[in-house]
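Chain by chain, the residues:
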Amino acid sequence: MVNFKNKMFFFLFLAVFCAVLCSADVLEEPASVKQPITVNGDKVEYDPERQIVVGEGNVEVIYENMKLYADKMTVWLDEEIALAQNNVKLLKDGATFYAQELSYNFKNNSGRIIEPSFEGYGPWYGRGSEAEESKDSNYHVKDAYITTCDLDQPHYRLQAKSITVFPDDKVVAKNIFFYVKNVPILYLPYYKQSLKDRAMPFLIIPGKSDKWGWYLLSSYKLSLI
């Protein structure tokens, strides 16, 4: 003979368990939902069949912690890829990149920037022929220079074949020439600079003496760690 009270308790327990299980699934679901890619501009057209958005004139793309601006923007929604052209500006990780063309993959947070210039990494400014953002959000800049001078033609710069920017951490460069104006002063095979240190690692004192003639006294703070 079945105990009625025990049977009712079993069904009540089963109902509560299922309700808790379903509510847990509902709570976990938003974590897997992707953030939308928002496109604004003077003129924005959407092709639903090809899943393409084309914006022209003061185009702005917002996605998670980044903002991308350009005169023209094409976004492939199914592939989550954007191509920005003309007067491009990328704001991300507290820094700003300027370029004429940029392609960006929102799926893996990687991009390619043509002829970039950048600012916002501590006191440093930079420019290069091409930059790539890797999946770990580091930037690799080719044929580039960095400087603390904010002029278009800086008084001094560190010119390198390769510069890697680790946001909020450091800048690492290889095969570097230290230039004053257009004159190479010093060669270094490797250079690392903290983005939190505003002090220039070079100290150059010009002068003239009867013994040496014109001279430049220089010192350099080397960091290998």
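Here, every reference points to the structure presented above.
Residues numbered from 1 in each chain as written. Predicted model: local features only at pLDDT ≥ 70, side-chain atom pairs only at ≥ 80, totals over all residues. Heavy atoms only, no water.

Structural notes on the overall build of the protein
Assigned secondary structure in the protein consists of one helix and 16 strands. Residues classed as buried in the protein amount to 33% of the 225 residues present. The contacts of the protein with a sequence gap of at least 6 include a subset with a gap of at least 24, amounting to 29%. (Helix = DSSP H or I, 4+ residues; strand = E, 2+ residues; numbered from the N terminus. Buried < 20%, exposed > 50% of the residue type's maximum accessible area, 1.4 Å probe, protein only. Contact = heavy atoms within 4.5 Å.)

Section: the pairing of strand S3 (residues 52-63)
Alignment of strand S1 (residues 38-40) against S3, held across three bridges, turns out to be antiparallel. Counted as the bridge partner of Val39 is Val61 from S3. One ladder, built from five bridges, connects strand S2 (residues 43-47) with S3; its direction is antiparallel. Among the inter-strand pairings, Glu45 is bridged to a residue of S3, identified as Val54. Counted along the chain from S2 to the antiparallel partner S3, the turn is four residues long, and its residue Gln51 has a positive phi close to 55°. In the sheet, S3 pairs with strand S4 (residues 66-76) via ten bridges, with the strands oriented antiparallel. (Pairing = 2+ DSSP bridges.)

Some thoughts on the pairing of strand S14 (residues 183-194)
By the bridge criterion, ten bridges tie strand S13 (residues 170-180) to S14 in an arrangement that is antiparallel. Residue Val180 lies in a different strand from S14, and its bridge partner there is Val183. Hairpin geometry of S13 and S14 is characterised by an intervening segment of two residues between the two adjacent antiparallel strands and by a positive phi of about 55° at Lys181.

Remarks on the environment of Asp78
Among the structural elements, Asp78 can be located in the loop between S4 and strand S5 (81-92). We classify Asp78 as partly exposed; its relative accessible area is 46%. Ignoring sequence-local partners within four residues, the contact set of Asp78 consists of Gln51 and Lys107.

Details of unusual backbone geometry
Of note in this structure, Asn86 is not a glycine but carries a positive phi near 70°. The residue Asn86 is located in strand S5 in this model. Residues other than glycine seldom take positive phi values, yet Ser137 does so here, at roughly 70°. When you line up the elements, Ser137 lands in the loop between strand S10 (130-133) and strand S11 (139-147). Accessibility expressed as a relative area gives 21% for Ser137, which makes it partly exposed.

Describing the side chain of Arg157
As for its position among the elements, Arg157 is in strand S12 (residues 156-166). Despite its burial, Arg157 pairs with no opposite charge, the nearest such side chain being Asp143 at 12 Å. At 2.7 Å, the side chain of Arg157 forms a polar contact with the backbone oxygen of Lys181. If we skip the residues at most four places from it in the chain, Arg157 touches Tyr145, Ile146, Thr147, Phe177, Phe178, Tyr179, Lys181 and Asn182. (Lys, Arg positive; Asp, Glu negative; His and termini not counted. Salt bridge = Lys/Arg side-chain N within 4 Å of Asp/Glu carboxyl O. Polar contact = N/O pair within 3.5 Å; in protein donor to acceptor, adjacent residues only side chain to side chain.)

Some details on the packing of aromatic side chains
Per the stated rule, a full pass over the model turns up eight aromatic pairs. Both rings, one in Phe118 and one in Tyr121, keep their centres 6.0 Å apart while their planes meet at 70°; by these two values the pair is edge-to-face. A residue is classified by how much of its surface remains accessible, and Tyr121, at 3% relative accessible area, is buried. Aromatic side chains Phe177 and Tyr187 sit 5.1 Å apart centroid to centroid with 55° between the ring planes, which places their arrangement in the tilted category. Of this pair, Phe177 sits in strand S13 while Tyr187 sits in strand S14, placing them ten residues apart in sequence. Tyr187 gets classed as partly exposed once you look at its relative accessible area, which sits at 41%. Ring pairing ties together the aromatic residues Phe97, Phe118, Tyr121 and Tyr139, which thus form one cluster. Over the ring of Tyr179 we find Arg157, and its NZ or CZ is 4.3 Å from the ring centre. (Phe/Tyr/Trp six-rings, centres within 6.5 Å; stacked < 30°, edge-to-face > 60°. Lys NZ or Arg CZ within 6 Å of the ring centre and 35° of its normal.)

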